[in-house]
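What follows is each chain in one-letter form.
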Amino acid sequence: MERKSWQIPVTIVLIFVGILLTLQFQSQTRVLTDLSTQKTEHLITMVRNLSDKRTSLMEELATLENTLQELKVSGATDANIIENLNADLKRLSIVNGEKEVSGPGLTVTFSEYDPILYTDLVLLINELWAAGAEAIAINETRVNFNTVIFYGEVNNSMYITANHIPLSFPITIKAIGNPNTLDKGLTLPGGIIDNLALFQAFPEIEQQEELVLPAVEKKVTFYNAQDVGKN
């Protein structure tokens, strides 16, 4: 049977979102296994936010699958289909951090005197996603589904890393989104900022009219995921 011209790009989009979903689940599992020493309320918050992110990706995948089915039975022209696919691919490339982006948002800055753990940064970033952040960077490292925030050690000295790169103070997290909504998401009573204050960590939060976030320095390469080529 002759393959329609729009089926290959549609399949690529579906596979891409499926990979995002799979890697998000793997990241969730990996992070949670490292948190045995964290407080119960912190763990509950992290599980909730990571689950919300995974649910969002699942909904995205379901939407694209429905679109595929609609395209199969509709009389849409190839030009319209390609236009819609290009829009989806552009949006997904932003989600994946492959493009530099700009827009309003806020910054959260930790000084060297703030006693923070890498898990504090993970929790804060998850809270920003939950509050509607559209793009996030930490010390000019773009955060996407493949970002790893953890610890490193040199000469018995521990430091926080992002994608295995040491983070030097001040550590600044930039998030693009509605500044007021992001601010309220972080400063809710009993939220992440209140929890940090219990440990004498007081990050500076500033709403910004314009932020520029870099693209990821190295695009993700998939070695095992292959297009199965099914119609």
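Preceding block: the structure.
Let us look at the structure shown here. This structure is a prediction, so every number in the text was calculated from the model and none was measured.

A few words now on the overall build of the chain. The number of helices and strands found in the chain is six helices and eight strands. The helix and strand sequence of the chain, counted from the amino end, reads α-α-α-β-α-β-β-β-β-β-β-α-α-β. The buried share among the 231 residues of the chain stands at 42%. Put simply, 81% of the contacts in the chain that link residues at least 6 apart link residues at least 24 apart. Here the chain displays about 13300 Å² of accessible surface, and carbon together with sulfur accounts for 53% of that area.

Here isoleucine 116 is to be found in the loop between strand E1 (101-110) and helix H4 (118-130). Sequence-wise, isoleucine 116 and phenylalanine 202 are 86 residues apart; in three dimensions their C-alpha atoms are separated by 9.7 Å. Every residue in contact with isoleucine 116, bar those within four places of it in the chain, is listed here: Phe110, Leu121, Ile160, Phe169, Ile171 and Ala201.

Counted according to the given criterion, the structure contains three aromatic pairs. Note on tyrosine 118 and phenylalanine 150: the rings are 5.0 Å apart at their centroids and 65 degrees apart in plane angle, and the pair reads as edge-to-face. Of the two residues, tyrosine 118 sits in helix H4 while phenylalanine 150 sits in strand E4 (residues 149-154), which places them 32 residues apart along the sequence. Seen in terms of ring centroids, tyrosine 118 and tyrosine 151 are 4.9 Å apart; in terms of plane orientation they differ by 75 degrees. Their pairing is edge-to-face. With tyrosine 118 in helix H4 and tyrosine 151 in strand E4, this residue pair connects regions lying 33 residues apart in the sequence. In this structure tyrosine 118 comes out as buried when scored by relative accessible area, which is 7%. Aromatic rings pair up to connect Tyr118, Phe150 and Tyr151 into one cluster.

Taken together, the three strands give an open sheet; going across it, the order is E4-E5-E6, and neighbouring strands pair in antiparallel fashion. Of all the strands in the sheet, the pair left with one neighbour each is E4 and strand E6 (165-166). Pairing analysis gives two bridges linking strand E5 (residues 157-162) to E6, with the strands arranged antiparallel. Of the residues in E6, the one forming a bridge with alanine 162 is isoleucine 165. Each of E4 and E5 is contacted by H4, which is oriented at about 160 degrees to E4, the strand it contacts most.

This paragraph deals with the sheet that holds strand E2 (residues 135-138). In spatial order, the strands read E3-E2-E7-E1-E8; together these five strands make up an open sheet with antiparallel pairing. The open sheet has two edge strands, strand E3 (141-143) and strand E8 (204-213), and neither has a second partner. The average undirected angle you get between the axes of adjacent strands in this sheet is 30 degrees. By the bridge criterion, six bridges tie E1 to strand E7 (residues 171-176) in an arrangement that is antiparallel. If you follow phenylalanine 110 over to E7, its bridge partner there is isoleucine 171.

Okay, the pairing of E4 next. Bridge count for E4 against E5 is six bridges, and the pairing is antiparallel. Directly across from phenylalanine 150, in E5, lies its bridge partner threonine 161. What sits between E4 and E5 in their antiparallel hairpin is a turn of two residues, with asparagine 155 showing a positive phi close to 50 degrees.

Definitions and cut-offs
Residues numbered from 1 in each chain as written. Predicted model: local features only at pLDDT ≥ 70, side-chain atom pairs only at ≥ 80, totals over all residues. Heavy atoms only, no water. Helix = DSSP H or I, 4+ residues; strand = E, 2+ residues; numbered from the N terminus. Buried < 20%, exposed > 50% of the residue type's maximum accessible area, 1.4 Å probe, protein only. Contact = heavy atoms within 4.5 Å. Areas by Shrake-Rupley, 256 points an atom, 1.4 Å probe, with all protein chains shown as cover. Phe/Tyr/Trp six-rings, centres within 6.5 Å; stacked < 30°, edge-to-face > 60°. Pairing = 2+ DSSP bridges. Axes fitted to C-alpha atoms, helices over the stretch in contact; angles between N-to-C directions.

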